[in-house]
Amino acid sequence: MSILEATKIHKSYGNKFNKQEVLKGLDISIQQGEFVSIMGASGSGKTTFLNVLSSIDKVTSGTIKIESNEITGMKEKQLALFRKNHLGFIFQDYNLLDTLTVKENILLPLSISNVPKKEAQDKFNTLAKELGIYELKDKYPNEISGGQKQRTSAARAFIHEPSIIFADEPTGALDSKSASDLLNKLSSLNKNRKATIVMVTHDPAAASFSSRVIFIKDGQIYTQLNKGEQERQSFFQDIMKTQGVLSGVQYEH
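Everything in this summary refers to the structure shown in the same document. (Residues numbered from 1 in each chain as written. Predicted model: local features only at pLDDT ≥ 70, side-chain atom pairs only at ≥ 80, totals over all residues. Heavy atoms only, no water.)

**Quick notes on the pairing of strand β7 (residues 164-168)**
And step 1. In terms of residue burial, β7 counts as a mostly covered element, since five of its five residues are buried.
And step 2. Side chains I164, F166 and D168 project from β7 onto one buried face, and the interleaved I165 and A167 project onto a second face that is buried too.
And step 3. As judged from the five bridges shared by strand β6 (residues 87-91) and β7, these two strands associate in the parallel manner. Across the sheet, residue I90 finds its bridge partner in β7, namely A167.
And step 4. The pairing of β7 with strand β8 (residues 196-200) spans five bridges and is classified as parallel. Across the sheet, A167 pairs through a bridge with M199, a residue of β8.
And step 5. With helix α6 (residues 176-192) bridging β7 and its parallel neighbour β8, the resulting β-α-β unit is right-handed. (Buried < 20%, exposed > 50% of the residue type's maximum accessible area, 1.4 Å probe, protein only. Helix = DSSP H or I, 4+ residues; strand = E, 2+ residues; numbered from the N terminus. Pairing = 2+ DSSP bridges. Right-handed = clockwise from strand over helix to strand, strands pointing away.)

**Some points on the nonpolar core**
And step 1. Formed by 34 residues in total, the largest nonpolar core has its most connected members in I90, I106, L127, L131, I133, F158 and L186.
And step 2. A per-element tally of this core places α6 first, with five residues.
And step 3. With sequence-adjacent residues up to four places away left out, L131 is seen in contact with R151, A154, A155, K185 and L189.
And step 4. Counting residues in hydrophobic clusters, the runner-up holds 30 residues, among them I3, A6, I9 and I64. (Core = buried A, V, L, I, M, F, W, Y, C linked by side-chain atoms within 4.5 Å. Contact = heavy atoms within 4.5 Å.)

**So, the sheet that holds strand β1 (residues 2-15)**
Whether parallel or antiparallel, the strands of a sheet pair through hydrogen bonds between backbone atoms.
And step 1. Overall, antiparallel pairing links the four strands, which are arranged β2-β1-β4-β5 in an open sheet. Across the chains shown, the open sheet's two edge strands, defined by having one partner strand only, are β2 (18-31) and β5 (69-70).
And step 2. The pairing of β1 with β2 spans 11 bridges and is classified as antiparallel. Across the sheet, A6 pairs through a bridge with I28, a residue of β2.
And step 3. Contacting β1, β2 and β4 (61-66), helix α1 (residues 46-53) crosses the sheet at an angle of about 65° to β2. (Axes fitted to C-alpha atoms, helices over the stretch in contact; angles between N-to-C directions.)

**Some remarks on the pairing of β4**
Successive residues of a regular strand alternate their side chains across the two faces of the sheet.
And step 1. Both β1 and β4 contribute to a ladder of five bridges, which runs antiparallel. Following the sheet pairing, L4 is matched in β4 by I66.
And step 2. Pairing of β4 with β5 involves two bridges; the strand directions are antiparallel. Note on β5: the bridge partner recorded for K65 is E70.
And step 3. Taking the residues that link successive antiparallel strands as the turn, the β4-β5 hairpin has two residues, and the phi of E67 there is positive, at about 50°.

**With respect to helix α5 (residues 146-158)**
And step 1. For α5, spanning 13 residues, the distance from its first C-alpha to its last is 18 Å, which sits close to the expected 18 Å at 1.5 Å a residue.
And step 2. Burial analysis of α5 places 10 of its 13 residues in the buried class, the great majority of the element.
And step 3. Taken residue by residue, α5 has G147, Q150, R151, T152, S153, A154, A155, R156, A157 and F158 as its buried positions.
And step 4. Buried residues in α5 make contact with β6, α3 (102-112), α4 (117-130), β7, α6 and β8. (Expected span 1.5 Å × (residues − 1).)

**A closer look at the packing of aromatic side chains**
And step 1. Summed over all chains, the structure comprises three aromatic pairs.
And step 2. With a centroid separation of 6.1 Å and an interplanar angle of 40°, the aromatic rings of F124 and Y134 are classed as tilted. Within this pair, whereas F124 is found in helix α4, its partner Y134 is found in the loop between α4 and α5, the two being separated by 10 residues in sequence.
And step 3. Looking at Y134, the relative accessible area reads 21%, which means it is partly exposed.
And step 4. Taken together, the aromatic side chains of F89, F91 and F166 make up a single cluster linked through ring pairs.
And step 5. Sitting above the plane of the Y134 ring, K129 keeps its charged end 4.9 Å from the centroid.
And step 6. For the cation-ring pair, R232 lies above F209, with the distance from its terminal atom to the ring centre recorded as 3.9 Å. (Phe/Tyr/Trp six-rings, centres within 6.5 Å; stacked < 30°, edge-to-face > 60°. Lys NZ or Arg CZ within 6 Å of the ring centre and 35° of its normal.)

Put into structure tokens, the structure is as follows:
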């Protein structure tokens, strides 16, 4: 079942005298339970694409539907409510509140939604254990590592069981071991909870954890790769080859 449908997505900045067209008529369909990566060179439009799909930015033209709700036609208040109830976000810079403990940061979306305390506690216990951060629950963000911060951020994104998780370069600030730990956990949550994840990344190793990779070039979809039954290492090699054909230049960090 399709959970996200984007049709003829255009995004421009500037005015008619100095217009920069970043997205040039993209179409995308994402199925429930998919783990999709979006890749492309610096300036290709991949982050802009994630921003409009996730309602952080508005399209210039085109339609985006999430669970049959057309978010492109929503007013700001309606959109904020939809975001709160249906979407989860993981950012490169964690976006944790320094004055809250790990547990308080994770429970924030449930606090805002007035979920009963016992239910919230049960959800926290299960998810924090799945992500290997339960023992850190009483620590503050400045007392834990980057990898632990990002797993806390991931837990906060998953805690209210949103329709889609949007992840913007979630491994960008992590060392290779912490990145691998996080991606293994995301992959596990994707399989065990049937969570839908859409992730922008410049890293082919990170993308190899997903089930499909969409490559963007100059604001358009260049090609897509499906993992199918391949082992991750084999999929990684295919991603590397496609990346090389796409530009032959170093991807942004």
